[in-house]
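Take a look at the letters that make up each chain.
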There are 2 protein chains.
Amino acid sequence: MATMTTQLDAVPHRNAGREKVVAAAIDLFAERGVSGTSLQMIADRLGVTKAAVYYHFKAKRDIVLAVVRPVIAELDAVIESAERERSQAVRTETLLAGLVDLMVSSRRLYAILEGDLAVGEILASDPGVSTLGERIVEVLLGPDPDPGQIVAAHIFLAGLKGIGQGITEGIADDDLRTHVLDCAHKLLRRRRRPLTRTTLP
Amino acid sequence: MATMTTQLDAVPHRNAGREKVVAAAIDLFAERGVSGTSLQMIADRLGVTKAAVYYHFKAKRDIVLAVVRPVIAELDAVIESAERERSQAVRTETLLAGLVDLMVSSRRLYAILEGDLAVGEILASDPGVSTLGERIVEVLLGPDPDPGQIVAAHIFLAGLKGIGQGITEGIADDDLRTHVLDCAHKLLRRRRRPLTRTTLP
DNA sequence: GTCTATAAGACGATAGAC
DNA sequence: GTCTATCGTCTTATAGAC
């Protein structure tokens, strides 16, 4: 998971200007939201003009996609690896660990991803992305979940997003991961069997 | 709680135009976010011109405040009533019940309240409002909470916000309230004593 | 209370010089 | 790759007639 990087940083020094734009955009998107960030602000932060930014990206939409696509790709990989598991319990556990890992390792990007309705609109026009949320819930809960589980899942997923938004900045990555996973288990633990009777007679 | 209404609807028929603007604004804010909603859209939805809207509110900021202030007031009342309790357990329980109640009874407003960074910016210039979040966490967790509790609280609060955003629309108010409160207890339940030994010897 | 008309500026985006 | 200069559109907001 930590070694997955997208094509972008495979070539380290080419496209330096382009990546500077992306970096500035990430800062501003996290601070002021996507709708609240203008190309002028991005240009100002880089000490260049708007036109210079437009050399690297032909539209604002493309900047948003460049910022968000890597996380989407990782998210997709996490979901897929969970979907491949055969046991429902392992599927759930794999997905939870992957989601928490992803969120902790890129808190700000995860927050940008769901922090502005404009982002959802842009992503909605991208194929396959729109089904991501549904796949997560499906893998997380399995077939025919009860309403209580659905509510718990949505609270956890929304909470995961909220954690990224600078609320718990004082906590180290490892601690955060542990605590968040702990919350996930408290919320989503399946009904326990009367007693563990897993071994066959 | 359900009978608390703010000054606005105390006078039912005066200011009908003003309230129509607020109603249209709520719809649009919930659908497209505050930043994504222009005065033109509000005017169009009402079948009037922008200037007509400006007759009722002298700035967009004031529309946002008119939409959001009632929830803020209720939120403040909930926190205050919890703060008045003497036992920490009752304080927590009162706050949780109040928050969940408020969120369920006005899902869309609650979502608008925290769904757009622009709202926070507008509210930040209002006195007293900015301390609301801190007061909630303080009442919820009591003095010197451990990191695990802090994370759990933030996940729950962020999750509560997320629930308002149309994710669980198929669930009735009463069921939603029950399930969400259940989640709160799972997440925030204090360490159990070895066994219930509440009665003195 | 609602209208037309318009100001003043920010926005995303483009053309063309260097 | 970055610049200046500009286009057309949208925005918030105001003035004044009806």
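None of these values were measured; they are calculated from a predicted model.

We now examine the relation of the copies chain A and chain B. The transformation that overlays chain A on chain B combines an axial shift of 0.0 Å with a rotation of 180°, and the residual RMSD is 0.1 Å. What the superposition gives is, in effect, a two-fold axis relating one chain to the other. For chain A, the residue whose C-alpha comes nearest the rotation axis is Gly159(A), separated from it by 2.1 Å.

Below, the discussion takes up the interface of chain A and chain B. At the junction of the two partners, chain A supplies 29 residues and chain B supplies 30 residues. Taken together, both faces of the contact between chain A and chain B bury some 2,300 Å²; the carbon and sulfur share is 77%. Joining chain A to chain B, the criterion identifies zero salt bridges. Our enumeration of links across chain A and chain B arrives at zero residue pairs in polar contact (both at pLDDT 80 or more). Mapped by element, the contributors of at least two residues to the side of chain A that touches chain B are helix H1 (16-32), helix H9 (147-164) and helix H10 (173-188) of chain A. For the side of chain A that touches chain B, the element with the highest residue contribution is H9(A), accounting for twelve residues. The residue inventory of the side of chain A that touches chain B, partitioned by class, reads 15 nonpolar, ten polar and four charged.

A few words now on the protein's contact with DNA strand C. Every one of the 16 residues lining DNA strand C counts as a neighbour, but Leu39(A), Tyr54(A), Lys60(A), Thr49(B) and His56(B) are closest to it. For DNA strand C, the fraction of atoms within 4 Å of the protein that belong to sugar or phosphate moieties is 62%. Take Leu39(A): an N or O atom from its main chain is 3.0 Å from a phosphate oxygen of DNA strand C. Tyr54(A) is positioned such that a nitrogen or oxygen atom in its side chain is 3.1 Å from a phosphate oxygen of DNA strand C. Of all the elements in the fold, those that place two or more residues in the surface near DNA strand C are helix H2 (39-46) and helix H3 (50-56) of chain A together with helix H3 (50-56) of chain B. The element that contributes the greatest number of residues to the surface near DNA strand C is H3(B), accounting for four residues.

To continue, consider the protein's contact with DNA strand D. What surrounds DNA strand D is a group of 15 residues, the closest being Thr49(A), Ala51(A), Lys50(B), Tyr54(B) and Lys60(B). Protein-proximal atoms of DNA strand D, defined as those within 4 Å of the protein, fall in sugar or phosphate at a share of 59%. Between Tyr55(A) and DNA strand D, the recorded distance is 3.2 Å, taken from a side-chain N or O atom to a phosphate oxygen. In the model, a base oxygen of DNA strand D is placed 3.4 Å from a nitrogen or oxygen of the Lys50(B) side chain. Contributions of two or more residues to the surface near DNA strand D are made by H3 of chain A together with H3 of chain B.

With that out of the way, let us pick up helix H1 (residues 16-32) of chain B. Residues and elements named next belong to chain B. In this model H1 runs 24 Å from its N-terminal to its C-terminal C-alpha over 17 residues, within 8% of the 24 Å that 1.5 Å per residue would give. Of all the residues in H1, the buried ones are Val21, Val22, Ala24, Ala25, Ile26, Leu28 and Phe29. Looking at the packing, one finds that the buried side of H1 touches helix H2 (39-46), H3, helix H4 (60-83) and helix H6 (107-115). At the C-terminal side of H1, Gly33 shows a positive phi close to 80°.

Let us now look at the domain arrangement of chain A. Residues and elements named next belong to chain A. Here chain A is described as being made up of domain 1 (14-58) and domain 2 (68-188). With centres defined by C-alpha atoms, the gap from domain 1 to domain 2 works out at 27 Å. Every contact between the two is made by seven residues of domain 1 and, on the other side, six residues of domain 2. Between domain 1 and domain 2 the total buried area reaches about 550 Å² when both faces are included, carbon and sulfur atoms providing 67% of it. At the junction of domain 1 with domain 2, the criterion picks out one salt bridge. The shortest N-O distance in the salt bridge between Arg108 and Asp27 comes to 2.4 Å.

Quick look at the nonpolar core now. Nonpolar side chains in soluble globular proteins tend to be buried together. In this structure, Phe156(A) and Phe156(B) are the most contacted members of the largest nonpolar core, which totals 124 residues. With residues near it in sequence (within four places) discarded, Phe156(B) still touches Leu96(B), Val100(B), Val180(B), Ala184(B), Leu187(B) and Leu188(B).

What follows is about the state of the cysteines. This model, assessed by the stated rule, comprises zero disulfides over all chains. This cysteine, Cys183(A), is not joined by any disulfide, and Cys183(B) carries the nearest cysteine sulfur, 11 Å off. Taking the relative accessible area as the measure of exposure, Cys183(A) reaches 2% and is therefore buried.

Residue and element names in this part refer to chain B. In this fold, Ile122 is placed in helix H7 (residues 117-124). Classification of Ile122 as buried rests on a relative accessible area of 15%. For Ile122 and Lys60, which are 62 residues apart along the polypeptide, the C-alpha to C-alpha distance reads 10 Å. When sequence neighbours within four positions are dropped, the list of residues in contact with Ile122 reads Arg61, Val64 and Leu65.

This brings us to the packing of helix H5 (residues 88-105) of chain A against helix H8 (residues 132-141) of chain A. Each pair of packed helices can be summarised by the angle the axes make with each other and by the distance between the axes. Residue and element names in this part refer to chain A. One can describe the packing of H5 onto H8 by two numbers: an axis separation of 7 Å at closest approach and a directional angle of 135°. Relative to H8, H5 is oriented oblique. Contacts from Gln88, Arg91, Thr92, Leu95, Leu96 and Leu99 of H5 reach H8 at Ile136, Val139, Leu140 and Leu141. Classifying every residue of the contact of H5 with H8 by side-chain character gives seven nonpolar, two polar and one charged.

Glancing now at the pattern of salt bridges. Counting across every chain of the model gives 20 salt bridges over all chains. Among the salt bridges present, the one from Asp173(A) reaches Arg107(A), with a minimum N-O distance of 2.8 Å. Of this pair, Asp173(A) sits in helix H10 while Arg107(A) sits in helix H6 (residues 107-115), and the two are 66 residues apart along the sequence. Salt-bridge contacts for Glu83(B) lead to Arg135(B); the nearest nitrogen and oxygen are separated by 3.1 Å. In this pair, Glu83(B) sits in helix H4 while Arg135(B) sits in helix H8 (residues 132-141), placing the two residues 52 residues apart along the sequence. The buried category is assigned to Arg135(B), whose relative accessible area is 18%. Salt bridges sharing partners connect three or more residues here, namely Asp27(A), Glu31(A), Arg45(A) and Arg108(A).

Rules behind the numbers
Residues numbered from 1 in each chain as written. Chains lettered and ligands numbered in written order. Predicted model: local features only at pLDDT ≥ 70, side-chain atom pairs only at ≥ 80, totals over all residues. Heavy atoms only, no water. Least-squares fit on C-alpha atoms with pLDDT ≥ 70 in both. Contact = heavy atoms within 4.5 Å. Buried area = accessible area lost by both parts, 1.4 Å probe. Salt bridge = Lys/Arg side-chain N within 4 Å of Asp/Glu carboxyl O. Polar contact = N/O pair within 3.5 Å; in protein donor to acceptor, adjacent residues only side chain to side chain. Helix = DSSP H or I, 4+ residues; strand = E, 2+ residues; numbered from the N terminus. Nonpolar A, V, L, I, M, F, W, Y, C, P; charged D, E, K, R; others polar. Near = heavy atom within 4 Å. Expected span 1.5 Å × (residues − 1). Buried < 20%, exposed > 50% of the residue type's maximum accessible area, 1.4 Å probe, protein only. Domains from an automatic or database assignment. Core = buried A, V, L, I, M, F, W, Y, C linked by side-chain atoms within 4.5 Å. Disulfide = S-S within 2.5 Å. Axes fitted to C-alpha atoms, helices over the stretch in contact; angles between N-to-C directions. Parallel < 35°, antiparallel > 145°, perpendicular 65-115°, else oblique.

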